[in-house]
Amino acid sequence: MAPIQKEGAYTAVVSGASGFIGTELVKQLLEKGYNVRGTVRSTSHTDKIQHLTKLAEALPGTLSLHEANLLQDGSFDSVVSDADYVFHTASPFIRDVTDAKKQLIKPAVEGTKNVLSSVAKHTNTIKRVVLTSSFASIVKPQAGPSSDTYSEEDWNTEVDENAQGADAYRYSKVAAEKAAWAASKQSGFELVTICPTFVLGPVISSRVDATSILDVKGIIEGTNDTLTPWVCDVRDIARAHILAAEIPSAKGRYLVSQDSVVPVKAMTDLLSKHFPQYKFAQGKDAEVKKVINNSKVQQELGLQIHPWQESIIDMATTLIQRGIAKPVSAQ
């Protein structure tokens, strides 16, 4: 359960509450009895937030939704006021961009600065901020890890503000996380960052705008045969956020991921075995090798990592169940 104060349950703010990670985080906080304030771009788009209100109806915590604009100064002032924890998950992850600086970099960096500027005004109540960063801020595709495997000590130094394509997303996460650490140092609030790899796991919403959802939807429908080989489970990401907030000794960065490469072929073979009635795209094989040291999050936060097999099966099941993905018959 959520830590209890004399005044009642703790209050947690979740930016980007309707996103893939944000939704799972809201769910787990509500399950623990938190008072949750979720920020969304618009409360009038009921189709994008109704899954959150339904969660609130079924779970013990309380939920209120608030409109907030990442690029508007002071937009988060009122929602973080008197809060205990702030979870900043809102940041764009889109591949088809025409203006990387406008669509990816500015919202990620300026949005983080704006949220944390609001936090700085309320450090008397806010105990800790947990930021959703990414493995993109760690991975170095050209140079590789600084040791045998990637860890929290690695920083992506291969991208800059002029990056395009996938590098533009990587730069947005590097710059946003560094801006967060600078703000924490300047304003004195506690900060922990969570760095997940490619996100799998069950889908709660019927929204289809998350990149990982679109990619796995393509696998199920036979229109895509590639996935990032470093994967994690959305439930583990959300759990890591909460543990990072609640455990007093939590500090620094936490990498959430499987420790080894998961070939796309292994995932599609598993899907074909689990759903024999459907025909899936056949992914490429790859060498299974350990590439990530995920020991810190397990040892310091006690996080138990879901097997990747469970993550991909649960994701496919919920995508099909919700009508998001329409599998091809094997007949």
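The preceding data block contains the structure.
To start, this report covers the structure provided alongside it. (Residues numbered from 1 in each chain as written. Predicted model: local features only at pLDDT ≥ 70, side-chain atom pairs only at ≥ 80, totals over all residues. Heavy atoms only, no water.)

### Concerning the overall build of the protein
Inference 1: Helix and strand counts for the protein come out as 10 helices and 13 strands.
Inference 2: Radius of gyration (C-alpha) of the protein: 19 Å, near the 20 Å computed for a compact globule of 331 residues.
Inference 3: Taking all 331 residues of the protein together, the buried fraction comes to 54%.
Inference 4: Within the protein, residue pairs in contact and separated by at least 24 positions form 78% of the contacts whose partners lie at least 6 positions apart. (Helix = DSSP H or I, 4+ residues; strand = E, 2+ residues; numbered from the N terminus. Rg over C-alpha atoms; globule rule 2.2 N^0.38 Å. Buried < 20%, exposed > 50% of the residue type's maximum accessible area, 1.4 Å probe, protein only. Contact = heavy atoms within 4.5 Å.)

### Some points on the pattern of salt bridges
Inference 1: Within the structure shown, the criterion is met by 13 salt bridges.
Inference 2: For the salt bridge of Lys 121 with Asp 77, the shortest nitrogen-to-oxygen distance reads 2.9 Å. With a gap of 44 residues between them, Lys 121 in the loop between helix H4 (100-120) and strand S7 (128-132) and Asp 77 in helix H3 (residues 77-80) connect regions that are remote in the sequence.
Inference 3: You can call Asp 77 partly exposed: its relative accessible area is 22%.
Inference 4: A salt bridge links Arg 128 to Glu 190; its shortest N-O distance comes to 2.6 Å. Separated by 62 residues along the polypeptide, Arg 128 in strand S7 and Glu 190 in the loop between helix H5 (166-187) and strand S8 (191-196) bring together distant segments of the chain.
Inference 5: Note on Arg 128: relative accessible area 4%, which makes it buried.
Inference 6: By relative accessible area, which is 42% here, Glu 190 ends up partly exposed.
Inference 7: Among the ionic contacts, a cluster of salt bridges with common partners joins Asp 233, Arg 235 and Asp 314. (Salt bridge = Lys/Arg side-chain N within 4 Å of Asp/Glu carboxyl O.)

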